[in-house]
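If you want the building blocks of each chain, they are given just below.
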Amino acid sequence: MNKTGKGLMAAAAAALLIGGAGTLAYWTAEAAVDGGSITAGSLTLTPNDDCTGWLYADGSASAGSPVTAFVPGDVVTATCSFTVGAEGDNLAATVDAPDMLTFTSAPAGTTFTAGVDASYTLGGAALADGATITDANDGEVLAATFEVAIPFGDTTAVNTNDMQGITATLDSLTVTLTQADPNP
């Protein structure tokens, strides 16, 4: 290739680069704004330390009397209250308690489980199964009534004669509030 051909090719390449064929040019702009702050709500349950003590349950022998010496097959009940702390725009929570509790006894070595039914009131009104607690209930009193059935046992069960004369401590009575997903 001669000098003239090389010069023409160089000029054409320069024109393409300068003229914009194959180049990209654009403007951008960016700005930031203060996102502000948001505050998270809360869900709490504070015990009021007012458990009534164990009584014989309605419909059972000695109904309403304090429990002093239980026997297998007894059904006992206690009521405890809690203050609800519920803050959140879309807060909804369900209430629950365990279905089984464990007794630990003295002298050590004897433990047994018992079935539990729980019922609730919120602000003095019955709380239906599956009902929710919302931020409208903030500061209200949730009362839980636990009904525990002491197992009667049978000839093969642990709870035959090994419960005689023991002093049993019921594990913590736990009530749980569980938040429901506001956007399922």
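From a predicted model like this one, the values you see are computed outputs, not experimental measurements.

This brings us to the overall build of the protein. Counting secondary structure elements, the protein contains one helix and 11 strands. When the elements of the protein are put in sequence order from the N terminus, they spell out α-β-β-β-β-β-β-β-β-β-β-β. A total of 184 residues make up the protein; the buried ones form 23% of that total. Intrachain contacts of the protein at a sequence separation of at least 6 include 71% that bridge at least 24 residues. Entry remark: accessible area of the protein is about 12,200 Å², with carbon and sulfur atoms responsible for 55%.

For the rest of this paragraph, the subject is the side chain of N137. Relative to the elements of secondary structure, N137 occurs in the loop between β8 (132-134) and β9 (141-149). We classify N137 as buried; its relative accessible area is 13%. N137 has contacts with V84, L122 and T132, leaving out every residue within four places of it along the chain.

Another aspect to go through is the nonpolar core. Grouped together as the largest cluster of nonpolar side chains are 26 residues, with contacts concentrated most on Y120, L142 and V175. Contributions of two or more residues to this core are made by β3 (75-87), β4 (92-96), β5 (100-106), β6 (111-122) and β9. Excluding anything up to four places from it in sequence, V175 contacts L45, F82, V95, D96, Y120, L142, A144 and F146.

Within the element layout of this structure, T178 appears in strand β11 (residues 176-179). As a C-alpha pair, T178 and A93 span 85 residues in sequence and 5.0 Å in three-dimensional space.

Another point: a negative patch on the surface. Together, D58, D96, D99, D117 and E147 make up a region of like negative charge exposed at the surface. Along the chain, D58 turns up in the loop between β2 (55-56) and β3.

So, on to the state of the cysteines. Summed over all chains, the structure comprises one disulfide. Each sulfur of the disulfide joining C51 and C80 lies 2.0 Å from the other. Since a negative S-S torsion denotes a left-handed disulfide, the C51-C80 link at about 120° is right-handed. One end of the pair, C51, is in the loop between β1 (42-47) and β2; the other, C80, is in strand β3, and 29 residues separate them in sequence. Judged by relative accessible area, which is 49%, C51 ranks as partly exposed. Given a relative accessible area of 4%, C80 falls into the buried group.

With that settled, consider unusual backbone geometry. At D49, a residue that is not glycine, the phi angle is positive and equals roughly 55°. Relative to the assigned elements, D49 resides in the loop between β1 and β2. Note on D49: relative accessible area 74%, which makes it exposed. The residue S62 is not glycine, and still its phi comes out positive at about 65°. If you trace the backbone, S62 turns up in the loop between β2 and β3. In this structure S62 comes out as partly exposed when scored by relative accessible area, which is 46%.

Before going further, it helps to examine the side chain of S81. Residue position: S81 is located in strand β3. Only 2.5 Å separates the side chain of S81 from the side chain of D50, close enough to count as a polar contact. Setting aside residues no more than four positions away along its own chain, S81 makes contact with T46, P47, N48, D50, V141, L142 and A143.

On the basis of which strands lie adjacent, the open sheet formed by three strands has the order β8-β4-β11 and antiparallel pairing. Two strands close off the open sheet at either side, each with one partner strand: β8 and β11. For this sheet, the mean inter-axis angle between neighbouring strands, taken without regard to orientation, is 40°. Across four bridges, the pairing between β4 and β11 is antiparallel.

Procedures and definitions
- Residues numbered from 1 in each chain as written.
- Predicted model: local features only at pLDDT ≥ 70, side-chain atom pairs only at ≥ 80, totals over all residues.
- Heavy atoms only, no water.
- Helix = DSSP H or I, 4+ residues; strand = E, 2+ residues; numbered from the N terminus.
- Buried < 20%, exposed > 50% of the residue type's maximum accessible area, 1.4 Å probe, protein only.
- Contact = heavy atoms within 4.5 Å.
- Areas by Shrake-Rupley, 256 points an atom, 1.4 Å probe, with all protein chains shown as cover.
- Core = buried A, V, L, I, M, F, W, Y, C linked by side-chain atoms within 4.5 Å.
- Patch = residues over 30% accessible without salt bridge, like charges linked within 9 Å, V, L, I, M, F, W, Y side chains within 5 Å.
- Salt bridge = Lys/Arg side-chain N within 4 Å of Asp/Glu carboxyl O.
- Lys, Arg positive; Asp, Glu negative; His and termini not counted.
- Charge placed at Lys NZ, Arg CZ, Asp CG, Glu CD.
- Disulfide = S-S within 2.5 Å.
- Polar contact = N/O pair within 3.5 Å; in protein donor to acceptor, adjacent residues only side chain to side chain.
- Pairing = 2+ DSSP bridges.
- Axes fitted to C-alpha atoms, helices over the stretch in contact; angles between N-to-C directions.

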